[in-house]
Amino acid sequence: MTGLRRSGVLGRSPRRVDGPAKVTGTARYAGDQHVVDPAYVHLVQADAARGVLSGVDVGAAQALDGVLTVLTPDNAPRLASTEDAELAAFQSHDVAFRGQVVAAVVARTRETARQAAALVRVTIDRQPHDVRLGADRDDLYAPERVNGGAETDTSQGDLGTALAHSPFTLDQTYTTAWYNNNPMEPHTTTALWLDGDLVLYESTQGVHTTRAAAAEVLGLAPERVHVICPHVGGGFGSKGTPHVHTIIAAMAARAVPGTPVKLALTRQQMFSLVGYRTPTVQRVRLGCDADGRLAAVALDAISQTSRVKEFAEQTCLPTRMMYAAPNRRTTHRLAALDVPVPAWMRAPGECPGMFGPEVAVDELAHACGIDPVEFRVRNEPDVEPESGKPFSSRNLVACLREGARRFGWADRDPTPRVREEAGWLVGTGVAASTYPVSRMPGSVATVRCTGPGRYLVRIGAADLGTGTWTSLAQIAADALGVDLADVELRIGDTALPPASVAGGSSGTTSWGSTVVAAVEAFREEFGDDPAEGAQARAGMPDNPAGTYAMHAFGAQFAEVRVHVDTGEVRVPRLLGVFAVGRVVNPRLARSQLVGGMTMGLSMALHEHSVVDERFGHVVNHDFAEYHIATNADVPHVEAHWVEEHDPHTNPMGTKGVGEIGIVGTAAAIANATHHATGVRVRGLPLTPDRFLGPP
């Protein structure tokens, strides 16, 4: 960082750059783009979980005034690549899951398209299907790798002997539910063809990754695809990779030459077409001595994938590095089912993967008679347990101590079911959280002088509502040594230099490092007094500190109330303390952490995609029945962080805040319900029926 003039913009909370446009309604999302006389697309989905499409009668639909065309496997053009089966729209008559798209109506109005879609008559020769996930299946298999490229299984020491000789042991199974992403903005595409080039206004977490996928599937050179996305109304991972609706929109626009088309998925359609978090079954085994020091840690995780495309949730990854123990084992197994394709959902792997182990740690601490905070502190590792790498920084103990202080943990009576207030059993719980510091290669940024002391920074990054418009401008201004108002940022367009996808809490690390590198290149070439029009370009630099294990950490504390007569669970207070490196913008960081914790509360109490095994689909596929936490559910949520200087992660010293907030929250709430009621619940959600009857 030598030679850069710092302006002190980092660490401040200026008004969001995109705030005025959003509060005045002038920020344009994918479905808001002004195109001339667009047509609209509505999808027709299979009502069978497995079978062969034997007929699609589009006569009644095409007879409807305003219908332009109906795409089916019988008339759709052949795609250049079907390697990604999820994107192979209308290329086969096989039906692989209920909800698969089997036809698409293109009409002059959205209402006409929807009406015509209801008139399409689909005939499917049904075949037996299987959508049941269970640990007792005899066809579970080990994937070659899990999401992110990590090893499927790991083992160190002698787990069996360590468990046999441990004075205190635990062997329990924990489950998490099927969860569906529900960003406020549905997945939407506006597509048009201009002189053989495809333009996509897309709700996406990565314009360049969307372009690459669309170009490959459609057989176009990447430069013939232009993807534009200045704003995203939430993604949580579901918009991190393209889904079939994007390809269908492009196909529909080509089928009606000269006419732009708009395709917005309904809330119900999103439950089968844009990915979801797989349910998990987690067998946790722990062994410790009388002082609570772990000798053995094991997690065997089972999840599901689709038969047409594999996705292996990396459930065991946090167990591999969280606590010290000389004897360890982790395994991942998959069941290939007749279900939609699972995908990323906020903190994939870490979020479900911390639930079982953190509840198990609470159980073992209770069995040992050791405070749960102290139990975690006693099992702090000196180095990353499985890799042996030193931590670039690890402040979990500081998070636990500071969280306990702020929460008033010292006043807690550890005995379960001893506190009752006006018919409510009251309890408190804690859980730890972690998330890796992720770097994604491929980003490039340019810096250009547009006038005395003013600069234009260009990079094809994405803002999911997280504040990228503001935080990246702050990083650029700080590196350039100017005020925030002197930097103009442009993002969200493939006409800009390439950028990695917004995922894995990697945006600030990847894009910010790239912007700083571009500023360094600019200063090196043009000095401190550049001429107007001077411009420099740089890619994301390599990180020379790869010998370190880099993770963010946190501790979540929860107070719950469980009604004695009804079993209703309420969470009047959540508090989290995090070690996330340097905080670029406290206002944005707090918003992300509070949002993650709220999402974790929603996971703990409400969310559960209920599958009807007879028909193979999620039956509660709308906001009326798929319950999500609202303001009334979260009366008081606090997010704090400890000061942390980590020179190894990147030039800014950041670690990422987008996902760690969700990771430990559900476990903290589950542990608090045990303290309140004496009932140990090992599966989510924490519905009232689980707390009725004797403890």
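You'll find the structure just up there.
Along each chain, residue indices are assigned from 1 in the same order as the chain's sequence is written. Reporting of local features is limited, given that this is a predicted model, to residues whose pLDDT is at least 70; pairs of side-chain atoms are given and counted only at 80 or more, and all residues count toward the totals for whole chains, interfaces and linings. Note that the side-chain values use all heavy atoms of the structure and ignore hydrogens as well as water.

Digging into the side chain of Asn620
Piece 1. Helix numbering and strand numbering both begin at the N terminus, where a helix is a DSSP run of H or I of at least 4 residues and a strand a DSSP run of E of at least 2. When you line up the elements, Asn620 lands in the loop between strand E27 (617-618) and strand E28 (637-641).
Piece 2. Burial classes: relative accessible area under 20% of the type maximum marks a residue as buried, over 50% as exposed, and values in between as partly exposed (1.4 Å probe, protein chains only). Residue class for Asn620 comes out buried when judged on its relative accessible area of 7%.
Piece 3. Whenever two N or O atoms come within 3.5 Å, that pair is a polar contact, provided that in protein one can donate a hydrogen and the other can accept it, and provided that, for residues adjacent in sequence, both atoms are side-chain atoms. A distance of 2.8 Å separates the side chain of Asn620 from the backbone oxygen of His608, its partner in a polar contact.
Piece 4. In this description, contact between two residues means that some pair of their heavy atoms is separated by no more than 4.5 Å. Not counting the four nearest positions on each side in its chain, Asn620 is found in contact with Phe271, His608, Ser609, Val610, Glu625 and Tyr626.

Comments concerning the pattern of salt bridges
Piece 1. We count a salt bridge whenever a side-chain nitrogen from Lys or Arg sits within 4 Å of a carboxyl oxygen from Asp or Glu. According to the stated counting rule, one finds 36 salt bridges in the structure shown.
Piece 2. In this structure, Arg137 and Asp139 form a salt bridge, with 2.9 Å as the shortest nitrogen-oxygen distance.
Piece 3. Classification of Asp139 as partly exposed rests on a relative accessible area of 36%.
Piece 4. A salt bridge links Asp338 to Arg307; the shortest N-O distance between them is 2.6 Å. Linking Asp338 in the loop between strand E17 (327-337) and helix H8 (350-368) with Arg307 in the loop between strand E16 (294-306) and E17, this pair joins segments that are 31 residues apart in sequence.

Considering unusual backbone geometry
Piece 1. Backbone torsion omega between Leu684 and Pro685 reads 5°, so that peptide bond is classified as cis.
Piece 2. Residue placement: Pro685 occurs in the segment after helix H15 (665-677).
Piece 3. Unlike most non-glycine residues, Asp37 shows phi in positive territory, near 50°.
Piece 4. Position of Asp37 among the secondary structure elements: in the loop between helix H1 (19-23) and strand E1 (39-45).

Points about the packing of helix H11 (residues 468-480) against helix H12 (residues 507-526)
Piece 1. Two numbers describe how H11 lies on H12: the axes approach to 9 Å, and their chain directions differ by 30°. Taken together, H11 and H12 sit at an angle that is classed as roughly parallel. With respect to the hand of their crossing, H11 and H12 are arranged in right-handed fashion. Of the residues in H12, those in contact with Thr468, Leu472, Ile475, Ala476, Ala479 and Leu480 of H11 are Thr508, Trp511, Gly512, Val515, Val516, Val519 and Arg523.
Piece 2. Of the residues in the contact of H11 with H12, the class split is nine nonpolar, three polar and one charged. Axes here mean lines fitted to C-alpha atoms, for a helix over just the part in contact, with angles spanning 0 to 180 degrees between N-to-C directions. Note that the term roughly parallel is reserved for angles under 35 degrees, roughly antiparallel for angles over 145, roughly perpendicular for angles of 65 to 115, and oblique for everything else. Working rule for handedness: look at the near helix, and if it is turned counterclockwise from the far one by less than a right angle, call the crossing left-handed; if clockwise, right-handed. Amino acid classes used here: Ala, Val, Leu, Ile, Met, Phe, Trp, Tyr, Cys and Pro are nonpolar; Asp, Glu, Lys and Arg are charged; the rest, including Gly, are polar.

Considering the environment of Pro73
Piece 1. Assignment of secondary structure puts Pro73 in the loop between strand E3 (67-71) and strand E4 (94-95).
Piece 2. Residues Pro73 and His93, spaced 20 residues apart in sequence, show a C-alpha to C-alpha distance of 6.4 Å.
Piece 3. Ignoring any residue separated from it by four or fewer positions in sequence, one finds Pro73 in contact with Leu53, Arg78, Phe90, Ser92, His93 and Val102.

Quick look at the packing of helix H5 (residues 207-218) against helix H6 (residues 244-255)
Two measures define how a pair of helices packs: the angle their axes make with one another and the distance between the axes.
Piece 1. Put simply, H5 and H6 touch, their axes get as near as 11 Å, and they point 55° apart. One element, H5, and the other, H6, form an angle in the oblique class. Considering only the axes of H5 and H6, their crossing is right-handed. When H5 is examined against H6, the residues Thr210, Ala214, Val217 and Leu218 are found in contact with a partner set consisting of Thr246, Ile247, Ala250 and Met251.

A few points about the sheet that holds E28
Hydrogen bonds along the backbone pair up the strands of a sheet, which may run parallel or antiparallel.
Piece 1. As summarised here, the arrangement of the five strands in space is E18-E19-E24-E25-E28, forming an open sheet in which the pairing is mixed. The sheet is open, and its two edges are formed by strand E18 (420-421) and E28, each paired on a single side.
Piece 2. The sheet contact formed by E18 and strand E19 (residues 424-436) spans two bridges and is antiparallel. Within the sheet, the bridge partner assigned to Glu420 lies in E19 and is Leu425.
Piece 3. Of the strands in this sheet, strand E24 (551-563), strand E25 (569-579) and E28 are in contact with helix H13 (residues 586-605), which crosses E28 at around 130°.
Piece 4. Here H15 sits on the sheet and contacts E19, E24 and E25; the angle it forms with E19, its principal contact strand, is near 155°. Any two strands with at least two DSSP bridges between them are considered paired.

Here we look at empty space enclosed by the protein
Piece 1. Both site types are read off a 1 Å grid over the protein atoms alone. A 1.4 Å probe that fits but cannot get out defines a cavity, while an open set with protein on both sides within 12 Å along at least five of seven lines defines a pocket; lining residues have an atom within 4 Å of a point. Grid points are joined across faces, edges and corners, and a volume is the space filled by probe spheres set on the points. With the rule as written, the count across this model stands at three cavities of 30 Å³ or more.
Piece 2. A volume near 90 Å³ is recorded for the largest cavity.
Piece 3. Lining the largest cavity are Leu286, Leu294, Val297, Pro318, Thr319, Met322, Tyr323, Arg328, Met354, Pro357 and Val361.
Piece 4. Of all the secondary structure elements, the ones that give two or more residues to the lining of the largest cavity are E16 and H8.
Piece 5. Tallying contributions element by element places H8 first for the lining of the largest cavity, with three residues.
Piece 6. Taken together, the residues of the lining of the largest cavity break down into nine nonpolar, one polar and one charged.
Piece 7. For the second largest cavity, the calculated volume is near 50 Å³.
Piece 8. Around the second largest cavity sit His187, Glu202, Ser203, Thr204, Thr210, Ser238, Lys239, Thr241, Pro242, His243, His245 and Thr246, which together line it.

So, a nonpolar patch on the surface
Piece 1. Patch building starts from residues that exceed 30% relative accessible area and form no salt bridge, then joins like charges within 9 Å and nonpolar side chains (Val, Leu, Ile, Met, Phe, Trp, Tyr) within 5 Å. The accessible surface values rely on the Shrake-Rupley method and a 1.4 Å probe; as for residues, cover is taken only from the protein chains in view. A surface patch of nonpolar side chains, about 300 Å² in accessible area, is lined by Met184, Phe623 and Ile628.
Piece 2. Among the secondary structure elements, Met184 is positioned in the loop between strand E10 (168-176) and strand E11 (188-194).

A closer look at the packing of aromatic side chains
Piece 1. Aromatic pairing here means that ring centres of Phe, Tyr or Trp (its six-membered ring) are within 6.5 Å. Orientation follows from the plane angle: under 30 degrees is stacked, over 60 is edge-to-face, and everything else is tilted. Scanning all chains against the criterion turns up eight aromatic pairs.
Piece 2. Between Trp178 and Tyr276, the aromatic rings sit 4.3 Å apart at their centres with planes inclined by 15°, giving stacked as the arrangement. One end of the pair, Trp178, is in the loop between E10 and E11; the other, Tyr276, is in the loop between helix H7 (267-273) and strand E15 (280-288), with 98 residues separating them in the sequence. With respect to burial, Trp178 and Tyr276 carry one shared label: buried.
Piece 3. Relative to Phe526, the ring of Phe522 lies with its centre 5.1 Å away and its plane at 50°, an arrangement referred to as tilted. Of the two residues, Phe522 and Phe526 both sit in helix H12, four residues apart, roughly one turn of that helix.
Piece 4. The exposure class assigned to Phe522 is buried, which follows from its relative accessible area of 0%.
Piece 5. Taken together, the ring pairs in this structure connect Phe407, Trp409 and Phe557 into an aromatic cluster.
Piece 6. Note on geometry: a ring has a charge over it if NZ (lysine) or CZ (arginine) is within 6 Å of the ring centre and within 35 degrees of the ring normal. Geometry around Trp193 places Arg254 over its ring, the cationic atom sitting 3.9 Å from the centre.

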